[in-house]
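Survey of secondary and tertiary structure
What follows is each chain in one-letter form.
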Amino acid sequence: QVQLVESGGGLVQPGGSLRLSCAPSGSIFSINYMGWYRQAPGKERELVAKITSSGSTDYADSVKGRFTISRDNVKNTVYLQMNNLRTDDTAVYYCNVLSTPRFTLPYDYWGRGTQVTVSS
């Protein structure tokens, strides 16, 4: 019943910036991490960045130094600040939340995706 609502995608020129936001429509408990995946045309879906419940972060090599993931623990919202965007950053970006409750299987929440297009 809980859905992930993404926003912030759009069209930007190379070197520009965007900030993506992802917020659940309701409460999600026992969050292991929140993160962002992306899928470009003709390519496999890949992990862009994630942040754990303890604040540890992980980034794809291609975005290190350019992207920053963060979260608001009060709003339970995850953000992806994307700077110095390049044309190969063009993709559909998907929010992902992994829940790991006790005594049951992990559960993945997925957003519908937001388009990011980097073009001159």
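To keep things clear, this report deals only with the structure shown in the data block. This is a predicted model, so every value here is computed, not measured. All residue numbers refer to position in the chain's written sequence, counted from 1. Under the rules for a predicted model, residues below a pLDDT of 70 receive no local features and side-chain atom pairs below 80 are neither given nor counted, while totals for whole chains, interfaces and linings still include all residues. Derived side-chain values reflect all non-hydrogen atoms in the structure, with water molecules and hydrogen atoms excluded from consideration.

The pairing of strands in a sheet happens through backbone hydrogen bonds and is either parallel or antiparallel. We treat two strands as partners when DSSP finds at least two bridges between them. Secondary structure counts use DSSP, requiring at least four H or I residues in a row for a helix and at least two E residues in a row for a strand, with both numbered from the N terminus. Spatial strand order, β1-β3-β8-β7: four strands in an open sheet with antiparallel pairing. The strands lining the two open edges of the sheet, one partner per strand, are β1 (4–7) and β7 (67–72). Shown here is a sheet whose adjacent strand axes are inclined to one another by a mean of 15 degrees, direction ignored. Of the strand pairs in this sheet, β1 and strand β3 (residues 18–24) are connected by four bridges, and their pairing is antiparallel. Residue pairing for β3: Val5 is matched across the bridge by Ala23. Interaxial angles span 0 to 180 degrees and are taken between N-to-C directions of axes, which are lines fitted to C-alpha atoms, for helices over the stretch in contact.

Here the focus is unusual backbone geometry. Both trends apply: most residues other than glycine have a negative phi, and most peptide bonds are in trans. Unlike most non-glycine residues, Asn84 shows phi in positive territory, near 50 degrees. Take Asn84: it is sitting in the loop between β8 (77–82) and β9 (91–99). Of note in this structure, Phe103 is not a glycine but carries a positive phi near 65 degrees. Looking at where Phe103 falls in the secondary structure, it is placed in the loop between β9 and β10 (107–110).

Our next topic: the nonpolar core. Here, the term nonpolar core denotes a set of buried Ala, Val, Leu, Ile, Met, Phe, Trp, Tyr and Cys residues that are joined through side-chain atoms within 4.5 Å. Accessibility here uses a 1.4 Å probe with only protein chains present; expressed as a share of the type maximum, an area under 20% marks a residue as buried, one over 50% as exposed, and anything in between as partly exposed. Core analysis: the biggest nonpolar cluster contains 29 residues, and Trp36, Leu80, Met82 and Tyr93 have the highest contact counts within it. For this core, the secondary structure elements donating two or more residues are β3, β4 (31–39), β5 (46–52), β7, β8, β9 and β11 (114–118). The element contributing the most residues to this core is β9, with four residues. What makes two residues a contact is simply this: any of their non-hydrogen atoms within 4.5 Å. Those residues within four positions of Leu80 in sequence are excluded, and the remaining contacts are Leu18, Arg19, Leu20, Trp36, Val48, Ala49, Phe67, Thr68, Ile69 and Tyr93.

So, about the side chain of Arg66. As for its placement among the helices and strands, Arg66 is situated in the loop between β6 (57–59) and β7. Of the residues examined, Arg66 reaches a relative accessible area of 7% and is grouped as buried. In protein, a polar contact requires one atom able to donate a hydrogen and another able to accept it; more generally it is a pair of N or O atoms within 3.5 Å, and residues adjacent in sequence count only if both atoms are side-chain atoms. One polar contact links the side chain of Arg66 to the main-chain carbonyl oxygen of Asn84, over a distance of 3.0 Å. Within the local environment of Arg66, its side chain forms a polar contact with the side chain of Asp89, the two groups lying 2.8 Å apart. Residues in contact with Arg66, not counting those within four places in the same chain, are Gln81, Met82, Asn83, Asn84, Leu85, Arg86 and Asp89.

Here we take up the pattern of salt bridges. In the sections that follow, a salt bridge refers to a side-chain nitrogen of Lys or Arg positioned within 4 Å of a carboxyl oxygen of Asp or Glu. In the structure shown here, the tally under the stated rule is five salt bridges. The closest approach of N and O atoms between Glu46 and Arg38, which form a salt bridge, is 2.8 Å. By relative accessible area, Glu46 is classed as partly exposed at 32%. Through salt bridges with shared partners, a single ionic network connects Arg38, Glu46, Arg66 and Asp89.

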